[in-house]
Amino acid sequence: MAGLKYSKQRASIKDYLMHTTSHPTADTVYLHIKEEFPNISLGTVYRNLNSLVEAGMVRRVSIPGRADRFDHTLCWHSHLYCTACGGVVDADVDEKQVMKLVRRQKDVVVQDCAVVLFGLCEACAKKQAEG
């Protein structure tokens, strides 16, 4: 892990994130990592997640009013927060259209843009349509 001192715990956290598409919270990461490292603290998981974010190895997904989620996909993409089950999934949003909106802003320098949609994930939409 370039730029970070190696630790087995941090490597395990990064590996877990690289192999999940669930956009887990720090608490979820903690519960998973605790199986391998029973003595790890939640604070250690938070510190390692923050270090991975700061090193540009993991992306933080912030959802207003909810716990941050973590994502291994670093390229620009959007997310959908499911208001039924609380899950987070990648969303197909046209980046070029978003950037057109950003370019209309004067006297600002945009460094990143996060788009979070709120609605129903595929499974919850299907349940609602059936029920």
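So, a few notes on the structure that sits alongside this text.

Reading the values: the criteria
Residues numbered from 1 in each chain as written. Predicted model: local features only at pLDDT ≥ 70, side-chain atom pairs only at ≥ 80, totals over all residues. Heavy atoms only, no water. Helix = DSSP H or I, 4+ residues; strand = E, 2+ residues; numbered from the N terminus. Buried < 20%, exposed > 50% of the residue type's maximum accessible area, 1.4 Å probe, protein only. Contact = heavy atoms within 4.5 Å. Areas by Shrake-Rupley, 256 points an atom, 1.4 Å probe, with all protein chains shown as cover. Disulfide = S-S within 2.5 Å. Axes fitted to C-alpha atoms, helices over the stretch in contact; angles between N-to-C directions. Parallel < 35°, antiparallel > 145°, perpendicular 65-115°, else oblique. Left-handed = near helix turned anticlockwise from the far one by under 90°. Nonpolar A, V, L, I, M, F, W, Y, C, P; charged D, E, K, R; others polar. Salt bridge = Lys/Arg side-chain N within 4 Å of Asp/Glu carboxyl O. Pairing = 2+ DSSP bridges.

Quick notes on the overall build of the protein
Within the protein, the secondary structure is distributed over five helices and five strands. Scanning the protein from its N terminus toward the C terminus, one meets helices and strands in the order α-α-α-β-β-β-β-α-β-α. Each principal axis of the C-alpha distribution contributes one length, and for the protein these read about 50 × 45 × 25 Å. Among the 131 residues that make up the protein, the fraction classed as buried is 36%. For the protein, the proportion of contacts with a sequence separation of at least 24, taken over those separated by at least 6, is 49%. For the protein, the accessible area works out to roughly 8,700 Å², and carbon and sulfur atoms hold 51% of it.

As for unusual backbone geometry
Located in the positive-phi region is His23, a residue other than glycine, with phi close to 50 degrees. Here His23 shows up in the loop between helix H1 (8-18) and helix H2 (26-36). Given a relative accessible area of 3%, His23 falls into the buried group.

Some words on the state of the cysteines
Scanning the model with the defined rule gives zero disulfides in all. Left without a disulfide partner, Cys82 is nearest to the cysteine sulfur of Cys85, which lies 3.6 Å away. For Cys121, which is in no disulfide, the shortest distance to another cysteine sulfur is to Cys124 and amounts to 3.7 Å. The exposure class assigned to Cys121 is buried, which follows from its relative accessible area of 13%.

Considerations on the packing of H1 against helix H3 (residues 42-54)
Angle between the axes and distance between the axes are the two parameters that describe a pair of packed helices. At their nearest, the axes of H1 and H3 sit 10 Å apart, and the two run at 70 degrees to each other. As judged from the angle between their axes, H1 and H3 are roughly perpendicular. The interaxial crossing formed by H1 with H3 has right-handed handedness. Mapping the contact onto sequence places Gln9, Arg10, Ile13, Lys14 and Leu17 in H1 and Thr44, Val45, Asn48, Leu49, Ser51 and Leu52 in H3. Considered class by class, the residues forming the contact of H1 with H3 number five nonpolar, four polar and two charged.

What to know about the pattern of salt bridges
Counted under the stated rule, the structure contains one salt bridge. Residue Asp68 is joined to Arg60 by a salt bridge in which the shortest nitrogen-to-oxygen separation is 3.5 Å. Judged by relative accessible area, which is 27%, Asp68 ranks as partly exposed.

Section: the sheet that holds strand S3 (residues 78-82)
Strand order in this open sheet of three strands is S4-S3-S5, and the pairing throughout is mixed. In the strand order of this sheet, the two ends are held by strand S4 (88-91) and strand S5 (116-119), each with one partner. When strand polarity is set aside, the average angle formed by the axes of neighbouring strands in this sheet is 30 degrees. As judged from the four bridges shared by S3 and S5, these two strands associate in the parallel manner. In the sheet register, His79 faces S5, and the bridge partner there is Val116.

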